Amino acid sequence: MIYNNYSNRVLGKLENLNKIYSGLMYTRIHSLENLLGIQTKEHFRTPPCKDLYPLRPGDRWGGEYMNLWIKGSYTVQDEYNGQRLFVIPHTNAYETLFFKNGIPDGIFNSKGDYMGIMHSAQLLTENAKAGETFDLAFECYAHHFCAECHPYLHYGKDVPVGKDEDFMKTFQSIDICTVNEDIYNFVFDLNIVLQMATSLDENNFLRHRAQVALEKVFADIIQYPAHYTMDAVHASVAKCLEHLKPLLEHSPAETTRGFIGLVGNSHMDTAWLWPVSETIRKCARTYSNVVKLMEQYPEYKFIQSSTLHLEWMKNYYPELYKKIKKYIAEGRYEPNGSVFVECDCNITSGELMARQFMYGQHFTRDEFGYAADSFWLPDTFGYNGMIPQIMKESEVKYFYTTKMGWNDLNEFPLTSFKWKGIDGSTVLTHLNSIDTSPDVKDTQNQINTIKNKEHFEGRLHSFGHGDGGGGPTPAMLEKARRVMNLPGLANCRYTTISEFMQELEKVGDKLPTYSGELYLELHRGTLT
């Protein structure tokens, strides 16, 4: 008991140190000078060239629905030749679309979160070349009033109206940074081993090995790095990396603890708490970030539904669309989902649903040369019993959703099953997850919550945050690299949603059948 109390205290302090050291991952080497800006409510698709004014630290900007465009350039100094360089803006924007040399190149939606779900830094170059110049631009969005979606939030009072002063921001700087590679690796190594020590079952010896290693880390890590030189900090980190290394050594894939199919995702509501015009920009921010990370992480795969969103990219951001098509051709960026938008399945007619599949499949065939085989629908409020028939007529044989795991009264009994429609058509169905992270805690939870383990030992784990969250972050992809093929954990590997279902199809004859409507016991009364 005494040891457990001591160990828990150590783990808690190391979790705090993990956050402190994440703030040391990047070192500022330069703040951009001679910046130009323009404020507008208009949505430009490329960086503007007219009516720009000098932008200085401390300048105020914003107002509801207002955008601040920032333009500048950076030339690599000789001393940073060969290094990885990053861009970190301090604009206080709600969401920002980053442009490099005139092409969308990622999202910023946070300040200072380098190890979680937000996007605070963007890679400028993997291998800096002295004298090379980059033209940089930032479309910074101040945000708008959001009434939210809970019926009693504003009950009995007038719904407040957005005021410009509520959305005023202060510009500070655009910083160019180097990365401290050892601290960068230490932060993610420590994060994963901490989760081993806190999330795994008490009878899993990996948990106890992790606790022993972390006690060694606690003894050697500098706990107040601000009071020491960076040389001392680096020396301390080097010792700690050696303590953690044995815990993260990969081994042949574990076959007795199930497997996790990893795929990035960013669920995007076509219209929800913002205008559709803003959804177009949310898509550009998110999908530019996806292809940016695919350049850095060659193992990374991503699923995108709603072909309308790709049509938007084709029409509004053609240079980004060219990049997306490149990774589609490589089989890493998967436009699947079959329908034009993630659609309602309760009050719509069969004719409307048939047209959703028709328009979605036509676009996929015309643009990418194949037909989608999966209906990806994570966030609709229930699923009527005619869907399997319409899917089959549309040459779609796999169905994914998450929502049936949200029932508030009766727990849905299955994870993988055959769904039988009212006409007798059946489609292979799997309940996956969204809005999670590919780390020890979440992957272990995915395995633990499989309902019918006797039928299938796998779970599709789609990670990344949507609706402007920007999808998977570099931190998530670093964690994914570390959980793959670790002894004592489920076998984690990247997959497409089509590849995952082909694995499930091998045991299709053994799966139970669920007949009729998939009724969701939640969100009642929202369609009146």
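Anyway, here's the lowdown on the structure attached to this text. Model, not experiment: these values are computed from the prediction. (Residues numbered from 1 in each chain as written. Predicted model: local features only at pLDDT ≥ 70, side-chain atom pairs only at ≥ 80, totals over all residues. Heavy atoms only, no water.)

## Details of the nonpolar core
Ranked by size, the top nonpolar core spans 90 residues in total, and within it Tyr21, Tyr26, Phe186, Met196, Tyr300, Met313 and Tyr333 carry the most contacts. Among the elements that make up this core, the one with the highest residue count is helix H2 (residues 181-199) (11 residues). What tyrosine 26 contacts, discounting residues up to four positions off in sequence, is Phe86, Ile88, Tyr114, Ala121, Cys177, Thr178, Val179, Asn180 and Tyr184. Counting 26 residues, the second largest nonpolar core, distinct from the first, contains Trp61, Val76, Val87 and Ile176. (Core = buried A, V, L, I, M, F, W, Y, C linked by side-chain atoms within 4.5 Å. Buried < 20%, exposed > 50% of the residue type's maximum accessible area, 1.4 Å probe, protein only. Helix = DSSP H or I, 4+ residues; strand = E, 2+ residues; numbered from the N terminus. Contact = heavy atoms within 4.5 Å.)

## Some words on the packing of aromatic side chains
Under the defined criterion, the tally for this structure stands at 28 aromatic pairs. Seen from their ring centres, tyrosine 287 and tyrosine 333 are 6.5 Å apart, and the 80 degrees between their planes marks the pair as edge-to-face. Residue tyrosine 287 is located in helix H5 (residues 276-296), and its partner tyrosine 333 is located in strand S15 (residues 333-335); the two are separated by 46 residues in the primary sequence. Given a relative accessible area of 1%, tyrosine 287 falls into the buried group. With a relative accessible area of 1%, tyrosine 333 lands in the buried category. By way of ring pairs, the aromatic residues Phe357, Phe375, Tyr383, Phe399 and Trp419 are connected into one cluster. For the cation-ring pair, arginine 281 lies above tyrosine 141, with the distance from its terminal atom to the ring centre recorded as 4.8 Å. (Phe/Tyr/Trp six-rings, centres within 6.5 Å; stacked < 30°, edge-to-face > 60°. Lys NZ or Arg CZ within 6 Å of the ring centre and 35° of its normal.)

## Points about the packing of helix H6 (residues 307-316) against helix H8 (residues 350-368)
At a closest axis distance of 9 Å, the pairing of H6 and H8 adopts a crossing angle of 45 degrees. In terms of their interaxial angle, H6 and H8 are classed as oblique. Between H6 and H8 the crossing geometry is left-handed. Across the interface between the two elements, Thr307, Leu310, Glu311 and Lys314 of H6 pack against Tyr359, Gly360, Phe363, Thr364, Glu367 and Phe368 of H8. When grouped by side-chain class, the residues that make up the contact of H6 with H8 number four nonpolar, three polar and three charged. (Axes fitted to C-alpha atoms, helices over the stretch in contact; angles between N-to-C directions. Parallel < 35°, antiparallel > 145°, perpendicular 65-115°, else oblique. Left-handed = near helix turned anticlockwise from the far one by under 90°. Nonpolar A, V, L, I, M, F, W, Y, C, P; charged D, E, K, R; others polar.)

## Remarks on the pattern of salt bridges
Going through the model one piece at a time under the given rule, you end up with 28 salt bridges. Between arginine 281 and glutamate 139 there is a salt bridge, with its nearest N and O atoms 2.8 Å apart. Residue arginine 281 is found in helix H5, and its partner glutamate 139 is found in strand S10 (residues 133-141); the two are separated by 142 residues along the sequence. Take arginine 281 and glutamate 139: they sit in the same class, and that class is buried. A salt bridge links glutamate 330 to lysine 326; the shortest N-O distance between them is 3.0 Å. (Salt bridge = Lys/Arg side-chain N within 4 Å of Asp/Glu carboxyl O.)

## So, helix H7 (residues 318-329)
For the α-helix, the turn length of 3.6 residues means that residues three or four positions removed from each other point alike. Spanning 12 residues, H7 covers 17 Å between terminal C-alpha atoms, matching the ideal 16 Å at 1.5 Å per step. Within H7 the residues assigned to the buried category are Leu320, Tyr321, Ile324, Tyr327 and Ile328. End-on, the buried residues of H7 take up no more than an arc of 120 degrees, which puts them together on one face. Facing away from the buried side of H7 by over 90 degrees, the exposed positions are Lys322 and Ala329. Buried residues in H7 make contact with strand S8 (103-108), H5, H6, S15 and H8. At the C-terminal side of H7, glycine 331 shows a positive phi close to 80 degrees. (Expected span 1.5 Å × (residues − 1). Arc of directions from axis to C-beta.)

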